[in-house]
Amino acid sequence: MLLNRKRKTNTLHFYQTLTAVLLIGLWGCNAKHSEVNTNASNDVTAAGEAYLADKGVDSSLWLPVNSVVKRDPNVERQVAKLMADMTLAQKVAQMIQPEIRDITPEDMRKYGFGSFLNGGGAFPNNNKHSTPEDWIALAEAMYQASIDDSMDGSTIPTMWGTDAVHGHNNVIGATLFPHNIGLGAANNPALITEIARVTATEVMVTGIDWVFAPTVATVRDDRWGRTYEGYSEDPDIVKAYASAIVEGLQGTPGDDFLGDNRVISTVKHFVGDGGTQEGDDQGNNVSSESDLYNIHAQGYVSGLAAGSQSVMASFNSWKGDKIHGNKYLLTDVLKRRMGFDGFVVGDWNGHGQVVNCSNESCPQAINAGLDIFMVPTDAWEPLYFNTIEQVKKGIIPMARIDDAVKRILRVKVRAGLFEKPSPKNRPFSGRTELIGHSEHREVAKRAVRESLVLLKNNDDILPLSRNQRILVTGDAADNIGKQSGGWTITWQGTNNVNSEFPGGTSIFDGIRSKVGTTNVELSVDGSYQEKPDVAIVVFGEEPYAEGQGDIAHIDYQGVNGKDEQLLKSLQAQGIPVVSVFITGRPLWVNPEINASNAFVVAWLPGSEGDAVSDLLFKDDNGKSVYDFTGRLSFSWPKDPSQTLLNRGDKYYDPLFAYGYGLDYLHSSSNIPMLSETLQRQATDSDSYPIYQGGVKAPYEMSLFSGQKRVSVKASSLSLAGLSFRTIDRFVQEDGFRIDTQEGEWSGVRFLLSNSEHPSILALNSQYQLKMDVRLLNASAQAIRMNLGCDQAGANCLQSLDLKTQLKDDKEWQTLAVDMGCIDFARFRQQPIAIELASESKVSAMFHNIRLEKSETDSSSADCNG
C-alpha cells in the first residue's frame, strides 16, 4: 500500500518513431491522457499523433551535443560492478535528495541517500552564522554516515549540493560576485571562467561536492523575479557563458577535471524558465519548439558540450505540461537526442506539481526521466517508500530505476568520490583563509567594474574630482545586503546587516576611500551638515528571489516615488546628482533619470561595493583610472507598458537598445528630458500582504517568549521554548510553523511601524485580517491572536481565542477577523503589533496573512473572543 498517496497516478506513455535507427518517445503527464500504460509500444498511436501535433514538436531541432567528457569503459565497468550488488531500496535511496533541515546523519546511515542539499537560507545547526568549520563538520558527518553499511548495507558516498549562484553565497564571509545580469553586461567569457574557478575553490573549502549553477535562462519578460539570474535576453551571451562557467567549475578533461578544487556543475533550469507568460515564476512557456531550442536551450547546447554532469529540471510548463513530468523533453530530447549521459535532478519539490502527483508520490516524474527527486521537508520518507512500492507494482519499470542510478553513479565515479578522502581531509577543506581571499575579491572587483553601465552623463559630470565635497545618500549607499540582492546568505537576501559581510564593502565605503572622510557625508534621507558640491544617490530594488520577485509592472516607483522625490529635492537645491541604481532588471525609471545629471546602472554588484567608486572618480592627476565598458545585455524600456522588449522583436523601440552604454572615451550628446507619462493608474488595493512568502515591508517580524524577543532574520530560529521555521505549502518557504511549549506566553509578532503605510487605511470595517492556518496539534488551552498591541506588545485592544474558531483536524483552513470591531484610532501615530501566541504546547502552520476587503459570504472570528 502506498504511503500518503493523495492522488491516483494518471499518465499515458506515447512513443514516436523518428527514424529507422532512432526511436524518440513521449510520455506526457497531461490531464488529457489519463491512463497508465507502462507497456506502451514504440508505435505512434492516433492519440499520440494528435498530442504531437498539438504540441508542434520537432525533434530534428535538437542536435546531438559533442561533450568533451567521453564515455570511459573503465568508468562503466565500475558502475556496473556497483549496481550488481545493489538492492532496490539502495537504488531508490540514490534517487532521493533531502534537505539538511529535515535529515540527520542517523537518517543518512539508515537510508544511504545518494545526495542531500542545503536550500537557500539553510545552514548547519540551523545557525545563520555557522562557520566554515561547521559546514565541514556536517559534510563529514553525512559522508561518514553514507559509507557506513551497518544499517543500509551500502558504502556509496553521498554528495552535497548547494546553490552557489554568485559565489558561495550561503556562507558568511565568502566572496560574492555580481549577479548574472551584471556579468552579462560585462560580456567577457574569460572573466566568467575565472569567477567560476574562484567559486569552486571557496565551495571546496567547506567540503561540498556539487553546485546548482549556472542558471542559463534566456529572459524574455523582465517582470520575472529571476531576471537577474539570467545573463541576457540574447541567447548568444547565454551560450558563450554556459560553457565558460562549466569549465571554471568543473575543469576540463586533461586539466584537473573534477579535481580537488573543482565541483560538479548543474546547468539549469531545463528548459524555458525565462520565457513564461507574463514572467510568471514556475509558469507556462508557450514558445514554439523552434524558439524553445533557439532561444531557451542554447545554454544547454554549450553547457553540455563543456561537460556539465547534471541538469536541473525546471518548475515551468511547456504548453501546459510541467517539465518535471515531460518525458519528451527530459528523455527523448535531453538524454537521447542531445546525448546527455549525466543525471537530471529535480527542483524543490517540483515533482509534486506534476498532474496527479504529490510531494510524497510521483512515479510520472521518474518515468519521464527525472533521476533525482529534490525533496525537502518531511516528504522524503513517504516518497522513498512509495517509490519502492511503485517499482514492485510495475508502475515504474525497473529499467528506469537502473538507468537513473547508473547515471548518478557514473557522475560520482567521474568526480572521484570513491577515491577522494572524506570532506574534512580533502586538500582545500578547512583552508578558511581562502573564503573571501583578497585575490578572490580582486576578481569580484574587476567583475563589478566591467558590469556597470553608464546610461546618462549630461555635461560630462562624470568622472568626479576627488576634491569635491560629496554627499552620499539613498538607502542602498551603505547597505551590502541590498547591493547583493537575493540568494545572499538568506534565500531572499533579506534580513542581512553589514556586519554579516566580513571583508565586504558598501558603495559608500568605496566613495569614502576615494575622497577621504573630511570630504564626504553619508545621509540616507538627503540631509546634510554642509552643502555638497555633488550628491551621489544610491537607490533601487529591495532584495528578492524566485517567486517573491515577480512583479505586475515594470515601472520602478511610478511618478513621485520616494527616490524620485529625493533626487528632485537635491536638484531643487542646486546640487548636481549622480544616481547609482541597484536593480535586478531593467525598469521604467524615466522620472529618476530626468532628475539625475548622470545615471549609472550598478545591477547587483555583490560584496565588493567599493569597486563602484573606481569608475566614478578621477585620480589625483585628474584622469579617469577606469572607464565604463559595460553594455546592456537587456534592452531598457522607454514606456512602462514594454514588458516584452527584446532584441530582434518586430516592433523593437527601447529607450536604450541592447548593447548601449556610454563611456569616457567617446563624446555623447546629452540625454533630453524623457516622457514621464504613466498609463498605469494607482487604485485602492483589495489586499495588503503581511506575510506572503516572508514578512512584507514595512511590517517587521519577531519572536517573543515572555520578555525575550528576537527579530526573524533566518528561516529557522528558536527562543526559550519557542521554535520557528519556514515551511512549503504551495511553493518554497511560502509559510511558517511555530511550536510553543507550556509556560510563558510566546509566539510571533508582526509590527507595523509606518503610520503612513496604506495598509493603515485598511484597519476599518471594510477589511478583514485573514490567514490560512493548519493546526498540527494543540492542547485544550487557547491559541490567541492579540490585535492592536503597542510596540512593546502590551495594551492590546483585542484578544481573540483562535482555538475555538479552528478545527483541530490538521487541515488548512482560513480564519477571518473583522477589523470593524477594533478601534485603532489611538494607535494611528505609533507602531501597531499583531500577535499569534500561546502559553500551551502548540504546533501550527501559517500561510498568507493579509488584510483583505470583506466578502459577503466570509465567516469571521468572533470579535469578543
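These lines cover the structure that appears in this document, whether it is placed above or below. (Residues numbered from 1 in each chain as written. Predicted model: local features only at pLDDT ≥ 70, side-chain atom pairs only at ≥ 80, totals over all residues. Heavy atoms only, no water.)

1. Digging into the overall build of the protein
Let me state the cut-off plainly: We count a stretch as a helix when DSSP gives it H or I for four or more residues in a row; a strand needs E for two or more, and each element gets its number in order from the N terminus. Exposure is judged per residue with a 1.4 Å probe applied to protein chains only, and the accessible area is read against the type maximum: over 50% gives exposed, under 20% gives buried, and values in between give partly exposed. Surface accessibility in these figures is a Shrake-Rupley result with a 1.4 Å probe; residues are shielded only by whichever protein chains are displayed.
Helix and strand counts for the protein come out as 20 helices and 32 strands. Taken over 865 residues, the protein has a buried fraction of 63%. Looking at the protein as shown, the accessible area adds up to about 30800 Å², and 47% of this sits on carbon and sulfur atoms.

2. What about the nonpolar core?
Note the following rule: Here, nonpolar core means buried Ala, Val, Leu, Ile, Met, Phe, Trp, Tyr and Cys residues that are tied together by side-chain atoms lying within 4.5 Å of each other. Working rule for contacts: check all heavy atoms of both residues, and any pair within 4.5 Å makes them a contact.
Counting 129 residues, the largest nonpolar core has Trp-62, Ile-96, Phe-270, Tyr-300, Leu-329, Met-338 and Phe-373 as the members making the most contacts within it. With nine residues, helix α8 (residues 189–205) is the largest single contributor of residues to this core. Residue contacts for Leu-329: discarding those within four places in its chain leaves Trp-62, Phe-270, Val-271, Leu-292, Trp-318, Ile-323 and Leu-334. Grouped together as the second largest cluster of nonpolar side chains are 71 residues, Val-534, Leu-587, Phe-599 and Val-612 included.

3. Structural notes on the environment of Ser-67
Counting through the fold element by element, Ser-67 comes out in the loop between α1 (46–55) and α2 (73–84). Residue contacts for Ser-67: discarding those within four places in its chain leaves Leu-304, Ala-305 and Gly-307.

4. Looking at the sheet that holds strand β15 (residues 470–473)
We apply this condition: Pairing between two strands is assigned when DSSP locates at least 2 bridges connecting them. Fitting a line to C-alpha atoms yields each axis, with helices limited to the stretch in contact; the angle taken between N-to-C directions then spans 0 to 180 degrees.
Strand order in this open sheet of six strands is β14-β19-β18-β17-β15-β16, and the pairing throughout is mixed. In this open sheet, the two edge strands, each paired with only one partner strand, are β14 (453–457) and β16 (520–523). Strand after strand, the sheet turns through a mean of 20 degrees between neighbouring axes, direction not considered. Running over the sheet, helix α19 (residues 562–572) touches β15, β17 (534–540) and β18 (577–582) and is turned about 175 degrees from β17.

5. Quick look at unusual backbone geometry
Outside of glycine, negative phi angles account for most residues, and trans bonds account for most peptide bonds. The linkage connecting Ala-213 with the following residue, Pro-214, adopts the cis geometry, with an omega of 10 degrees. When you line up the elements, Pro-214 lands in the loop between β6 (210–211) and α9 (235–250). For the peptide bond that leads from Lys-268 to His-269, omega is -5 degrees, which places it in the cis range. Its identity as a non-glycine residue notwithstanding, Asn-187 has a phi of 50 degrees, on the positive side. For Asn-187, the location among the structural elements is in the loop between α7 (180–186) and α8. Take Asn-187: its relative accessible area is 47%, and that puts it in the partly exposed class.

6. Let's talk about the pattern of salt bridges
Here is the rule: Here a salt bridge means any side-chain nitrogen of Lys or Arg lying within 4 Å of a carboxyl oxygen belonging to Asp or Glu.
This structure, assessed with the given rule, holds 52 salt bridges. For Asp-402, the salt bridge goes to Lys-91, with nearest N and O atoms at 2.7 Å. Placement of the pair is Asp-402 in helix α15 (residues 398–414) and Lys-91 in helix α3 (residues 88–94), with a sequence separation of 311 residues. The class of Asp-402 is partly exposed, set by a relative accessible area of 24%. Judged by relative accessible area, Lys-91 falls into the buried class, the value being 9%. Across the pair Arg-737 and Asp-739 runs a salt bridge whose closest N-O atoms are separated by 2.9 Å. Taking relative accessible area as the criterion, Asp-739 reaches 15% and is therefore assigned buried.

7. What about the environment of Lys-322?
When you line up the elements, Lys-322 lands in strand β11 (residues 321–322). Looking at Lys-322, the relative accessible area reads 17%, which means it is buried. Here the alpha-carbon distance between Lys-322 and Val-354, two residues 32 residues apart in the chain, equals 5.7 Å. Beyond its immediate sequence surroundings of up to four residues, Lys-322 is in contact with Gln-282, Phe-315, Asn-316, Ser-317, Gln-353 and Val-354.

8. Brief notes about the pairing of strand β24 (residues 722–727)
Across four bridges, strand β23 (residues 716–719) lies against β24 in antiparallel orientation. Along β24, the bridge assignment pairs Leu-717 with Phe-724. Following β23, the chain reverses through two residues before pairing antiparallel with β24; Ala-720 in that reversal takes a positive phi of roughly 40 degrees. As paired elements, β24 and strand β25 (residues 735–740) share six bridges and run antiparallel to each other. Residue pairing in the sheet places Ser-723 in a bridge with Asp-739 of β25.

9. So, the side chain of Arg-407
Mapping Arg-407 onto the fold places it in helix α15. Under the relative-accessibility criterion, Arg-407 is labelled buried at 9%. Apart from the residues lying within four places of it in its own chain, the contact partners of Arg-407 are Lys-335, Phe-340, Asp-341, Gly-342, Phe-343 and Asp-371.

10. Digging into the sheet that holds strand β9 (residues 310–313)
What the three strands build is an open sheet, ordered β7-β9-β12; its pairing is parallel. Two strands lie at the open edges of the sheet, namely β7 (266–270) and β12 (343–345), each paired on one side alone. Neighbouring strand axes in the sheet, compared pairwise and without regard to direction, differ in orientation by 30 degrees on average. Taken together, the three bridges between β9 and β12 define a ladder with parallel strand orientation. Across the sheet, residue Ser-310 finds its bridge partner in β12, namely Phe-343. Seen against the sheet, helix α11 (residues 298–305) touches β7 and β9 and runs at an angle of roughly 155 degrees to β7. Together, β7, β9 and β12 form the strand contacts of helix α12 (residues 327–337), whose direction differs from that of β7 by roughly 140 degrees.

It is worth stressing that arrangement in space is one thing and function is another; only the former is reported here.
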